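Descriptive analysis of the structure
Letter by letter, the chains look like this.
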Amino acid sequence: MNISMQTTTAPKPKPQDESKLGFGQVFTDHMFLMNYDEGEGWHDPRIVPYGKIELDPAAMCLHYGQEVFEGLKAYRSAQGKVLFFRPEQNMQRLNKSCERLCIPMLDEDFALEAMKALVNLDQDWIPRAEGTSLYIRPFVFAIDPAVGVHPGKHLIFAIILSPVGAYYPEGINPVRILVETTYVRAVRGGMGNVKSAGNYASSLKAQGEASKLGYSQVMWLDAIERKYIEEVGAMNVFFVVDGEVITPALEGSILPGITRLSSIELLRSWGLTVTERRISIDEVAAAAAAGTLEEAFGTGTAVVVTPIGELKVGQEDVVINNGRIGAVTQRLYDELTGIQWGRTPDTFGWVTPL
Ligand SMILES: *Cc1c(COP(=O)(O)O)cnc(C)c1O
């Protein structure tokens, strides 16, 4: 399929001060769109000027949330090359999300090609300052004008791009996390293991209440026993206990993060033992009390690695590594960001140039 190209006649000014980019506030000059219509399949791939999309008020995505998305980044290396980190994994996961929400599957190679064509056209928007990148948001949503619950027969696949700032402009600061006991994020059999809009809508209330109390994220526990740790905010979570790295096993309610996968592979390549299994909040608190809880951190594309400095477990404050970043967390952060920005040899073959 040929991607048609309509470039803008009114390019926007690019952000001058890259230290003020923030996250997901600014969008580039173009976007990619493609339609699905039953009987015709996916068709009409096109790059057009970034702008509004007209929707019927009855469009199904607005009423029943048939939407899936991805999040990845393009990095500008010191040599000026544009690099992607395991982008084929994102397209594979996008298709898994589609499958779960009865959305017609995409051709993964073509989706990658579309993403690259768009980034190529807007590559001057990739910021240059240390730690900055171009966030890429592919998403699919149903637009059938019908208020009735059934899978959409008319959909849009879109990709938009946003230059984003360094997550840690002043260095990595460990965060305080509230262990959530009222709300749950996902349950096995639900859709917590795919990236769909509704998961994030349902997490807002807990996040808001935790912020008010001065915590940066919540730690989600399993929905059935309210005991086993699942994720922190929209990140996967790891603990270092007595030299062993432990992360919750993917049993259906946890999002299979690409940073999680890459972290497991890297940590193992260093000779560390990484165990994917259930880990309860009581076990973590007991390890802290016994002095064997060495580190805890979250992983995700936006932040890469976030050290956890403190956990609020019921009435108890569990301080981890005296509130400082641990050695494993720091090494993982340095190594992953080194590979992503092309500073460290990519021995795993994770990086794809534009
Ligand atoms: C996207 C996401 C992650 C992290 O996945 P990455 O592929 O590492 O970015 C973790 N948890 C949730 C809920 C997510 O949405």
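Presented here is an overview of the structure given in this document. (Residues numbered from 1 in each chain as written. Predicted model: local features only at pLDDT ≥ 70, side-chain atom pairs only at ≥ 80, totals over all residues. Heavy atoms only, no water.)

**Thoughts on a nonpolar patch on the surface**
Short version of the rule: Within the patch definition used here, like charges are joined within 9 Å and nonpolar side chains (Val, Leu, Ile, Met, Phe, Trp, Tyr) within 5 Å, considering only residues with over 30% relative accessible area and no salt bridge. Exposure was quantified through the Shrake-Rupley algorithm and a 1.4 Å probe, taking into account, for residues, occlusion by the shown protein chains and nothing else. The rule for a salt bridge is simple: a side-chain nitrogen of Lys or Arg has to be within 4 Å of a carboxyl oxygen of Asp or Glu. To qualify as a helix, a DSSP run of H or I must reach at least 4 residues; to qualify as a strand, a run of E must reach at least 2; elements of each kind are numbered from the N terminus.
Judged by side-chain polarity, Ile53, Leu55 and Leu62 come together as a nonpolar surface patch covering roughly 240 Å² of accessible area. As for its placement among the helices and strands, Leu55 is situated in the loop between strand E3 (41-49) and helix H1 (60-64).

**As for the nonpolar core**
Let me state the cut-off plainly: In these notes, a set of buried Ala, Val, Leu, Ile, Met, Phe, Trp, Tyr and Cys residues joined through side-chain atoms within 4.5 Å is what counts as a nonpolar core. Relative accessibility under 20% of the residue-type maximum defines a buried residue, over 50% an exposed one, and the middle range a partly exposed one, all with a 1.4 Å probe and only protein chains included. The contact criterion used throughout is that any non-hydrogen atoms of two residues lie within 4.5 Å.
By size, the foremost hydrophobic cluster in this structure holds 47 residues, and its most contacted members are Met219, Phe239, Ile308 and Leu311. Those residues in contact with Met219 that lie beyond four places of it in its chain are Ile177, Leu178, Val179, Glu180, Ile229, Glu231, Val232, Val237, Phe239, Ile281, Ile308 and Leu311. By size, the runner-up hydrophobic cluster in this structure holds 37 residues, among which are Tyr36, Val82, Phe110 and Trp125.

**As for the site of the ligand**
Rules: The criterion for a residue being near a molecule or strand is simple. One of its heavy atoms has to lie within 4 Å of it. A 3.5 Å cut-off defines polar contacts: any pair of N or O atoms within that distance qualifies, except that in protein one atom must be a possible hydrogen donor and the other a possible acceptor, and neighbouring residues in sequence count only when both atoms are side-chain atoms. In this count, Pro and Cys sit with the nonpolar residues alongside Ala, Val, Leu, Ile, Met, Phe, Trp and Tyr, while Asp, Glu, Lys and Arg are called charged and the others, Gly among them, polar.
Around the ligand, the surrounding shell holds 14 residues, and the nearest of these are Lys195, Tyr200, Glu231, Thr259 and Thr301. For the ligand, an oxygen atom lies 2.8 Å from a polar atom in the side chain of Arg93. Protein chains shield 95% of the accessible area of the ligand, which is 380 Å² for the free molecule. Per-class residue counts for the shell around the ligand are five nonpolar, five polar and four charged.

**Here's the deal with the pairing of strand E9 (residues 175-179)**
Which entries qualify depends on this criterion: For two strands to count as paired, DSSP must find a minimum of two bridges between them.
The element E9 is largely enclosed, with a buried count of four among its five residues. For E9 and strand E16 (residues 304-313), the ladder comprises four bridges, and the chain directions are parallel. If you follow Arg176 over to E16, its bridge partner there is Glu310. Here three bridges tie E9 to strand E10 (residues 217-221), and the two strands are oriented parallel to one another.

**Comments concerning the pairing of strand E8 (residues 154-164)**
Here E8 lies mainly inside the structure; 10 of its 11 residues are buried. Bridge count for strand E2 (residues 30-37) against E8 is six bridges, and the pairing is antiparallel. Opposite Leu33, over in E8, you have Ala158 as the bridge partner. Looking at chain direction, strand E7 (residues 133-142) and E8 are connected through 10 bridges and run antiparallel.

**With respect to the side chain of Glu67**
Going by this rule: The positive count covers Lys and Arg only, the negative count covers Asp and Glu only, and His and the chain ends enter neither.
With respect to the secondary-structure elements, Glu67 resides in strand E4 (residues 67-69). One buried charged residue, Glu67, forms no salt bridge at all, with the nearest opposite charge on Arg137 at 6.1 Å. Apart from residues lying up to four places away in sequence, Glu67 is in contact with Leu101, Ile103, Phe139, Val140, Phe141, Lys195, Ser196 and Ala197.

**Regarding unusual backbone geometry**
Even without glycine at this site, Arg86 takes up a positive phi of about 50 degrees. As for its position among the elements, Arg86 is in the loop between strand E6 (82-85) and helix H2 (87-100). Residue classification places Arg86 among the buried positions, given a relative accessible area of 7%.

**Considerations on the pattern of salt bridges**
All told, the structure shown has 13 salt bridges when counted by the stated rule. Put simply, Arg176 and Glu310 hold a salt bridge, and the shortest N to O gap is 3.3 Å. Of the two residues, Arg176 is situated in strand E9 and Glu310 in strand E16; the sequence distance between them amounts to 134 residues. With a relative accessible area of 33%, Arg176 lands in the partly exposed category. As a salt-bridge pair, Arg185 and Glu231 come within 3.0 Å of each other at their nearest N and O atoms. Taken together, the positions of Arg185 in the loop between E9 and helix H4 (197-201) and Glu231 in strand E11 (residues 229-232) put the pair 46 residues apart, joining distant regions of the chain. We note that Arg185, like Glu231, is buried. Look at the salt bridges and you will find they share partners, linking Arg260, Arg268 and Glu276 into a network.

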